[in-house]
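Here are the chains, one letter per residue:
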Amino acid sequence: MDGWFPDQPQQRATMAVARTSWAVRMGDICMFLIVVALFYQRSDPGQNKPVPYDLLLIGAMGLYFLFGLKLPRGIVWPASMWGFVLAGYGIGGMTAVYVEKLQGFMEAATYLVCAMIFFAAYVYEAPERRLRLIFNAYTAGALVAASLGIGGYFGVLPGSESFLDFGRAIGTFNDPNVFGPYLIAPTIYLCLRLSTGESARAFLLLPLIGILVLGILLSFSRGAWGSFLLSSGIFVWLTLATSRSAQQSFRLIVFSALMGLLVIGIVGVALSTPKVQRLFTERAALVQDYDVGQEGRFESQKRAIEMVLSRPLGIGPSQWGIINKLDTHNVYLSILVAGGFLSGLSFLGFVFMTLRRSWGATFVDAPGREYLIVVYACLVGHLAEAFIIDVDNWRHLFLLFGMAWGMILATERQRAAGTHVLSLRRRSRAGEGRGEPVDGFPA
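Because the structure is a prediction, the values reported are computed rather than measured.

1. Some words on helix α14 (residues 331-362)
- Along its 32 residues, α14 runs just 26 Å from first to last C-alpha, ending more than 12% under the 46 Å computed at 1.5 Å per residue.
- Regarding α14, its N-cap is Asn-330, as a side-chain oxygen of that residue lies 3.0 Å from the backbone nitrogen of Tyr-332 further along.

Spelled out as structure tokens, the structure:
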């Protein structure tokens, strides 16, 4: 009744919006905490045991899909490529010598692929907002991990040795070669925030960037150093190439120079410490002792290639490192040995597809494009680093894959919608001047 009671349909709609807003906020809080938990990846060496992040993420995946999260249609292609990789692992595993190693590896690999697909679907629904949420959470976790690694390195924390591995910072990770790369994406994200900040408060990000850069340095991971430099260069170049104005380009150049000075300053101060200088000099050498010789990395890779040629269907995952007593330290070769040409070529197909389509998406002026540029730059760095280390079990890499594909598919959806609207407009204009239909008959 007008004037006395609210309209019932309107009231129900208002209550539905309130419930939806509450659910969205709760979902955002949960996802934020899950991604923050990624900072802790410590487990027993050689064991494929889940960490808290894994358990929380598995639960979230189930709940999100239960409450209506849908898979974007285009995700079938990257999912299929990974399906072929896993199929190759299974075929190679049929003749595996150490069968007990297969189950744990296959479970972990399948979980990581499912996590990638989930994050792609999650980002696809609301690209800009959810990419920002993920990056904020990722950065918060990375700051915790980096702070623990730095504090452990300089011995200012109780039990500092637990945050080190042979004098190299590992923070809350098992391996400094994973700890260092994990810090790269949030570092570049903070650089993005700094270069786009609208007030002087943006300079408060400088100490945070300094913590992450120092963490990367103290990991003494040559791969992480190279990946960081490559990713940073690609980020600056792509951001300049997609700049919307001369003012934005100028700001980026100025802040890039500022960041360069900050990095040089941090490295310079760190190298003034004899402990850091000694290990830096040792690790900065292009070739290490374990790279050469009969039992070195390069000779191991040569033997792996010979194994691939003699066993084109693969020997199964987690086998070559035991048989050869040394891993390949090259993910492309490692996948090829484990799953044969089916897995190796499928993985290469996935990498090519991801980089090609995300490259195209970076040049589409869509909401969240700046975050995709950060993701793309980091993926290129990580996939280049994959030539010298195995990256196929890095949780944060599959998070980046999922973020990239969510944004790729959302951008292609927007571009297709824009093309459709343009086509309708052209048809409408083409029909002008020809008269309107009368009594059901065409003009």
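Further notes follow.
2. What to know about the side chain of Thr-354
- By the element assignment, Thr-354 lies in helix α14.
- What makes Thr-354 buried here is its relative accessible area of 1%.
- When sequence neighbours within four positions are dropped, the list of residues in contact with Thr-354 reads Leu-379, Phe-401, Trp-405 and Ile-408.

3. Thoughts on the packing of aromatic side chains
- Applying the stated criterion across every chain yields a total of 27 aromatic pairs.
- Ring geometry for Phe-39 and Tyr-40: centres 6.5 Å apart, planes at 75 degrees, overall edge-to-face.
- Here the aromatic rings of Phe-398 and Phe-401 are separated by 5.7 Å at their centres, their planes lie at 85 degrees, and the arrangement is edge-to-face. Of this pair, Phe-398 and Phe-401 both sit in helix α16 (residues 395-431), separated by 3 residues, roughly a single helical turn. For the residue pair Phe-398 and Phe-401, the accessibility class agrees, reading buried in each case.
- Taken together, the ring pairs connect Trp-82, Tyr-332, Phe-347, Phe-350, Phe-387, Phe-398 and Phe-401 into an aromatic cluster.

4. A few points about unusual backbone geometry
- Positive phi outside glycine occurs at Phe-220, with the angle close to 50 degrees.
- Tracing the backbone through its elements, the reader meets Phe-220 in the loop between α8 (205-218) and α9 (222-241).
- The buried category is assigned to Phe-220, whose relative accessible area is 0%.

5. Looking at the packing of helix α7 (residues 184-196) against helix α15 (residues 369-385)
- The geometry of α7 relative to α15 is characterised by a closest axis approach of 10 Å and an angle of 145 degrees between their N-to-C directions. Crossing geometry of α7 relative to α15 is assigned as right-handed. Of the residues in α15, those in contact with Ile-184, Ala-185, Ile-188, Tyr-189 and Leu-192 of α7 are Glu-370, Tyr-371, Val-374, Cys-378 and His-382.

6. Side note on the side chain of Asn-330
- Counting through the fold element by element, Asn-330 comes out in the loop between α13 (320-324) and α14.
- For Asn-330, the contacting residues outside a window of four places in its chain are Gln-301, Ala-386, Phe-387, Ile-389 and Asp-390.

7. Regarding helix α11 (residues 274-283)
- Buried within α11 we find Val-276, Leu-279 and Arg-283. For α11, the buried positions fall inside an angular range of 75 degrees around the axis, keeping them on one side. The exposed residues of α11 that point more than 90 degrees off its buried face are Pro-274, Arg-278 and Thr-281.
- For α11, the secondary structure elements touched by its buried residues are α5 (127-153), β2 (168-169), α8, α9 and α10 (246-271).

8. Some thoughts on a nonpolar patch on the surface
- A cluster of nonpolar side chains, contributed by Trp-22, Met-26, Ile-29, Phe-32 and Leu-33, occupies part of the molecular surface with about 510 Å² of accessible area.
- Relative to the elements of secondary structure, Ile-29 occurs in helix α1 (residues 8-36).

9. Remarks on the environment of Pro-78
- When you line up the elements, Pro-78 lands in helix α3 (residues 76-93).
- Once you skip the residues sitting within four places of it in the chain, Pro-78 turns out to touch Met-116, Phe-350, Met-353 and Trp-405.

10. A closer look at the packing of α5 against α7
- With their axes 9 Å apart at the nearest point, α5 and α7 run at an angle of 120 degrees to one another. Taken together, α5 and α7 sit at an angle that is classed as oblique. Note that α5 runs across α7; the crossing there is left-handed. Facing α5, whose interface residues are Arg-132, Phe-135, Asn-136, Tyr-138, Thr-139 and Ala-142, α7 presents Ala-185, Pro-186, Tyr-189, Leu-190 and Arg-193.
- Here the residues of the contact of α5 with α7 are counted per class, giving 7 nonpolar, 2 polar and 2 charged.

11. Quick word on the pattern of salt bridges
- According to the stated counting rule, one finds 5 salt bridges in the structure shown.
- Ionic pairing is found between Arg-130 and Glu-125, a salt bridge with its closest N-O pair at 3.0 Å.
- With a relative accessible area of 41%, Glu-125 lands in the partly exposed category.
- The closest approach of N and O atoms between Arg-357 and Glu-412, which form a salt bridge, is 2.6 Å. One end of the pair, Arg-357, is in helix α14; the other, Glu-412, is in helix α16, and 55 residues separate them in sequence.
- When its relative accessible area of 16% is taken as the criterion, Arg-357 is described as buried.

12. Digging into the confidence of the model for the chain
- When pLDDT is averaged along the chain, the result is 85, and 86% of the positions lie at 70 or above.
- Counted against residues more than four places away or in other chains, residues 1-7, with its pLDDT under 50, gives 1 contact.
- Low pLDDT, under 50, characterises residues 435-443; the stretch is placed with 5 contacts to residues that sit more than four places away or in other chains.

What counts, and at which threshold
Residues numbered from 1 in each chain as written. Predicted model: local features only at pLDDT ≥ 70, side-chain atom pairs only at ≥ 80, totals over all residues. Heavy atoms only, no water. Helix = DSSP H or I, 4+ residues; strand = E, 2+ residues; numbered from the N terminus. Expected span 1.5 Å × (residues − 1). Polar contact = N/O pair within 3.5 Å; in protein donor to acceptor, adjacent residues only side chain to side chain. Buried < 20%, exposed > 50% of the residue type's maximum accessible area, 1.4 Å probe, protein only. Contact = heavy atoms within 4.5 Å. Phe/Tyr/Trp six-rings, centres within 6.5 Å; stacked < 30°, edge-to-face > 60°. Axes fitted to C-alpha atoms, helices over the stretch in contact; angles between N-to-C directions. Left-handed = near helix turned anticlockwise from the far one by under 90°. Arc of directions from axis to C-beta. Patch = residues over 30% accessible without salt bridge, like charges linked within 9 Å, V, L, I, M, F, W, Y side chains within 5 Å. Areas by Shrake-Rupley, 256 points an atom, 1.4 Å probe, with all protein chains shown as cover. Salt bridge = Lys/Arg side-chain N within 4 Å of Asp/Glu carboxyl O. Parallel < 35°, antiparallel > 145°, perpendicular 65-115°, else oblique. Nonpolar A, V, L, I, M, F, W, Y, C, P; charged D, E, K, R; others polar. pLDDT = per-residue confidence, 0-100.

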